[in-house]
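Residue-level listing of the chains:
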Amino acid sequence: MSIEIPEVPAEQQKPDVLAGTLYLVATPIGNLADITQRAISVLKQVDIIAAEDTRHSRQLLSHLGINAKLLAYHEHNEERITPGLIDDLSSGKSIALVSDAGTPLINDPGYRLVTRAHDEDIKIIPVPGACAAIAALTAAGLATDRFSFEGFPPAKHGARIHFFEQLAQERRTMIFYVSCHRIVETLNDMLTVFGAGRRVTFAREISKTFETIKRMKLSALASWVEADENQRKGEIVLVVEGNVAQAADNAQFDFYLSVLLAELPVKQAVNLLVKMTGQNRNDIYRRALELKQS
Ligand code: SAM
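In this text the structure is predicted, and so the values were computed from the model without any measurement.

## Quick word on the nonpolar core
Phase 1: In terms of nonpolar packing, the biggest core is built from 25 residues, with Phe176, Ile183, Leu187, Met190, Phe194, Leu221 and Leu238 touching the most fellow members.
Phase 2: Of all the elements in the fold, those that place two or more residues in this core are helix H6 (157-166), strand S7 (173-178), helix H7 (183-194), strand S8 (199-204), helix H8 (218-227) and strand S10 (236-240).
Phase 3: Considering every element that reaches this core, the biggest residue donor is H7, with six residues.
Phase 4: Ignoring sequence-local partners within four residues, the contact set of Met190 consists of Phe164, Phe176, Gly195, Leu218, Leu238 and Val240.
Phase 5: Formed by 21 residues, the second largest nonpolar core is a distinct cluster that contains Ile35, Ala39, Ile40 and Val42.

As structure tokens, then:
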């Protein structure tokens, strides 16, 4: 794909990257135009670019006309090469960390380097840009005020079921990265644990030719993906509605508790609700105190 990258107006350009600074630079997740002018400027100027896959990043860089010093930084060598990178930063070199796609550290290497850089008081500058999780969330048509990023569910069925069970009561919208090779089993396991009525947004190949964004009930989505092999190709994010039924139950519970608290001392209100609902006394007591304080 050939695209034209506009020049950054001179007044918006920082003359140089800062010495001894670690830049975390987001790169495109598909469409090569999805890179910021600032990212290009930083990548042009840093002394070293640490890349998850140097061959992959070389393609992007040559597309951008950047001929930089590339160094491999991936999950198999990060422990070994982090001290050297920290030394480089401490001696004044500027380093940009990039991953194969999207934002570094989001299910990609970099945590070790960033945490060590903090330990050494090294300046860290994120250069924001594409991230599949956030792109999928914004297009999901599900609550965005609170959400949790859950990464990749486990590959094995038993562990995956357990993983979902731990999230069954989660009220926030949940974001999962899913391998296309496991999408059918993953949706079936979600169906088992979250139930047929949960709404899920399927975001596949974001920003690429076969981009597909669809929101459906879990049961319909599982059948659709099983029936259409094209939906089992490429890169996929699932955005899953939180347990809103649980949230509604809790709202009703809070209402009853508030009514009792308005009439009775905390202990009596709690005793009554324990009798009425059979729920755990400590949980009710804790909630009563929260409601009183708010
Ligand atoms: N660092 C990346 C980011 O910022 O999104 C994520 C890297 S993670 C190793 C790769 C996973 O991200 C894929 O398996 C897929 O779940 C998701 N992903 C990446 N690009 C995508 C795209 N264009 N469309 C949908 N999902 C994508």
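On we go.
## Side note on the pattern of salt bridges
Phase 1: Counted under the stated rule, the structure contains nine salt bridges.
Phase 2: For Glu241, the salt bridge is made with Arg199, and the minimal N-O distance between the two is 3.0 Å. On the criterion of sequence distance, the pair formed by Glu241 in the loop between S10 and helix H9 (244-263) and Arg199 in strand S8 is long-range, its members being 42 residues apart.
Phase 3: When salt bridges with common partners are traced through the structure, they connect Arg116, Asp119 and Glu120 into a single cluster.

## Overview of the packing of helix H10 (residues 266-277) against helix H11 (residues 281-293)
Phase 1: The N-to-C vectors of H10 and H11 enclose an angle of 135°; their axes lie 9 Å apart at closest approach. Judged on the interaxial angle alone, H11 and H10 are oblique. The way H10 lies across H11 gives a crossing that is right-handed. Between H10 and H11, the contacting residues are Val266, Val270, Asn271, Leu273, Val274 and Thr277 on the first element and Arg281, Ile284, Tyr285, Ala288, Leu289 and Lys292 on the second.
Phase 2: Split by residue class, the contact of H10 with H11 holds eight nonpolar, two polar and two charged.

## Notes on the site of the ligand
Phase 1: Of all residues adjacent to the ligand, which total 19 residues, the nearest are Thr103, Asp108, Ala132, Tyr177 and Ile236.
Phase 2: Contacts to the ligand include Ile236, whose backbone N or O atom sits 2.7 Å from an oxygen atom.
Phase 3: Alone, the ligand offers 570 Å² of accessible surface; in the complex the protein occludes 90% of this.
Phase 4: Counting only elements with at least two residues in the shell around the ligand, the list comes to S7 and S10.
Phase 5: Considering only residue class, the shell around the ligand consists of twelve nonpolar, three polar and four charged.
Phase 6: In this structure, the shell around the ligand is formed jointly by two domains, domain 1 (16-130) and domain 2 (133-242), each of which donates at least three residues.

What counts as what
Residues numbered from 1 in each chain as written. Predicted model: local features only at pLDDT ≥ 70, side-chain atom pairs only at ≥ 80, totals over all residues. Heavy atoms only, no water. Core = buried A, V, L, I, M, F, W, Y, C linked by side-chain atoms within 4.5 Å. Buried < 20%, exposed > 50% of the residue type's maximum accessible area, 1.4 Å probe, protein only. Helix = DSSP H or I, 4+ residues; strand = E, 2+ residues; numbered from the N terminus. Contact = heavy atoms within 4.5 Å. Salt bridge = Lys/Arg side-chain N within 4 Å of Asp/Glu carboxyl O. Axes fitted to C-alpha atoms, helices over the stretch in contact; angles between N-to-C directions. Parallel < 35°, antiparallel > 145°, perpendicular 65-115°, else oblique. Left-handed = near helix turned anticlockwise from the far one by under 90°. Nonpolar A, V, L, I, M, F, W, Y, C, P; charged D, E, K, R; others polar. Near = heavy atom within 4 Å. Polar contact = N/O pair within 3.5 Å; in protein donor to acceptor, adjacent residues only side chain to side chain. Areas by Shrake-Rupley, 256 points an atom, 1.4 Å probe, with all protein chains shown as cover. Domains from an automatic or database assignment.

Geometric values such as these leave the question of function open.
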